[in-house]
Amino acid sequence: MDVLCIGEALIDFVSRERGVTLVTAEQFTAAPGGAPANVAAGLAKLGRHARLIATVGNDAFGRKITHELNRVGVDCKLHIDPNHFTTLAFVKLGAEGDRDFEFSSGAHDYLTPDQVDADEVREALMLHYGSISLRAPDSREATIKAIQIAKEAGILCSCDPNWRADLWPDQAAGRAAILEAVAYADILKISDADLAFLAPDHQDDFATALDAVGFRGQLVAVTLGANGAWYRAGKITGQVPSPHVQVVETTGSGDAFVAALLDCLLARNLAIDTLDAPELERIVHRACAAGALTATGYGAIPSLPDPAGIDALLRMVGVNGR
């Protein structure tokens, strides 16, 4: 197995109308999502063996998630919770395709530690997780268990700490959970907005901000939306732009970035310390292209790109992304 992803799997109801509220919106696209699920799907579309550990409800939405993930090739380990409905997220679009979320929390909070098999974690080359699964006692214990097993086995840990204020009534608790998630990570993808939330006193200096939040891993990419990404591995730092695309909505773009980043690292045998500056630049260009392509459609998983799509976009913008 290449990557084991653990965390939330849910249904995104994405508004097809911009500049309206969720109260007045009338048209929605229902698409399976959740950051770890999206990363698993993105990796599967890129030809990797990705497995997802998550919990869904015993309902049509849970079955929809299972069907879609199986369809794109994810090795699903979805646990069915008979007592809680599948988690739903309602996504409102801004004028530029940016989003606000409101959640109806459900089964994703009830992933339990006994559903994390130590041998399964040890089969993976990498473990990927976020921070949303750290908000509830059961899923937090399950996630930490997987991380600790991975750490003890020498498996690289990848983290994308998605801050969703609607899910954290206590913002201080949410910040503490994200800082914990970041501290475990060998590979970190974080948005500039999330980094600013964690380190508000260092918004203009990514390197200082990352030191302030306790990241001590091997590789970090700070995504900047349409402006691309800043990155650091060891003493190498750089920034690349994102290809210009016609943005429909950006749900899953960061997850596509993660999937492409991890795919590139796997192609290089996870030897991050051997990567030189040109190679790192190519890797991050490719990740940015994957994120940009995902923003051209509604819903994350349906819009995640395959290798041919990424190659085509990079050729269009004259970038060597291999």
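The notes below deal with the structure included here. (Residues numbered from 1 in each chain as written. Predicted model: local features only at pLDDT ≥ 70, side-chain atom pairs only at ≥ 80, totals over all residues. Heavy atoms only, no water.)

1. Section: the sheet that holds strand 5 (residues 75–81)
How we decide: Pairing between strands is defined by DSSP: at least two bridges between them are needed. Put simply, DSSP marks the helices as runs of H or I at least four residues long and the strands as runs of E at least two long, and each gets a number from the N terminus on. Axes here mean lines fitted to C-alpha atoms, for a helix over just the part in contact, with angles spanning 0 to 180 degrees between N-to-C directions. Any two residues whose heavy atoms approach within 4.5 Å are treated as being in contact.
Read across the sheet, nine strands follow the order 5-4-1-8-9-10-11-12-13 without closing on themselves; strand pairing throughout is mixed. Two strands bound the open sheet, and with one partner strand each, they are strand 5 and strand 13 (236–240). Within the sheet, the average angular offset between the axes of one strand and its neighbour, ignoring direction, is 15°. Bridge count between strand 12 (residues 229–233) and strand 13: five bridges; the pairing is antiparallel. Its bridge partner being in strand 13, Trp-230 is matched across the sheet by Gln-239. Lying on the sheet, helix 1 (residues 35–45) is in contact with strand 1 (3–6), strand 4 (50–57) and strand 8 (126–129); it crosses strand 4 at an angle near 145°. Sheet strands in contact with helix 9 (residues 277–294) are strand 11 (219–223), strand 12 and strand 13, and its direction is about 140° off that of strand 12.

2. Things to note about the pattern of salt bridges
Counted only if it meets this: By salt bridge we mean one thing: a side-chain nitrogen of Lys or Arg within 4 Å of a carboxyl oxygen of Asp or Glu. Only protein chains enter the calculation, and the probe is 1.4 Å; a residue is then buried if its accessible area is under 20% of its type maximum, exposed if over 50%, and partly exposed in between.
For the coordinates displayed, the defined rule picks out 12 salt bridges. A salt bridge links Arg-51 to Glu-120, with the nearest nitrogen and oxygen atoms 3.2 Å apart. Here the residue Arg-51 occupies a position in strand 4, and Glu-120 occupies one in helix 3 (residues 118–123), the gap between them amounting to 69 residues. Each member of the pair, Arg-51 as well as Glu-120, carries the same accessibility label: buried.

3. What to know about the nonpolar core
Note on soluble globular proteins: their nonpolar side chains tend to be buried together. What counts here: As used here, the term nonpolar core means buried Ala, Val, Leu, Ile, Met, Phe, Trp, Tyr and Cys residues forming a set that is joined through side-chain atoms within 4.5 Å.
Core analysis: the largest hydrophobic core is formed by 60 residues, its most contacted members being Leu-52, Leu-69, Val-74, Ile-187 and Leu-265. Ranked by the residues each element gives to this core, the list is headed by helix 8 (residues 253–267), at 10 residues. In this view, Val-74 contacts Ala-40, Ala-41, Ala-44, Ala-50, Leu-52 and Leu-69; residues no more than four positions away in its chain are not counted. With 46 residues, the next largest nonpolar core counts Ile-53, Ile-155, Ala-181 and Val-220 among its residues.

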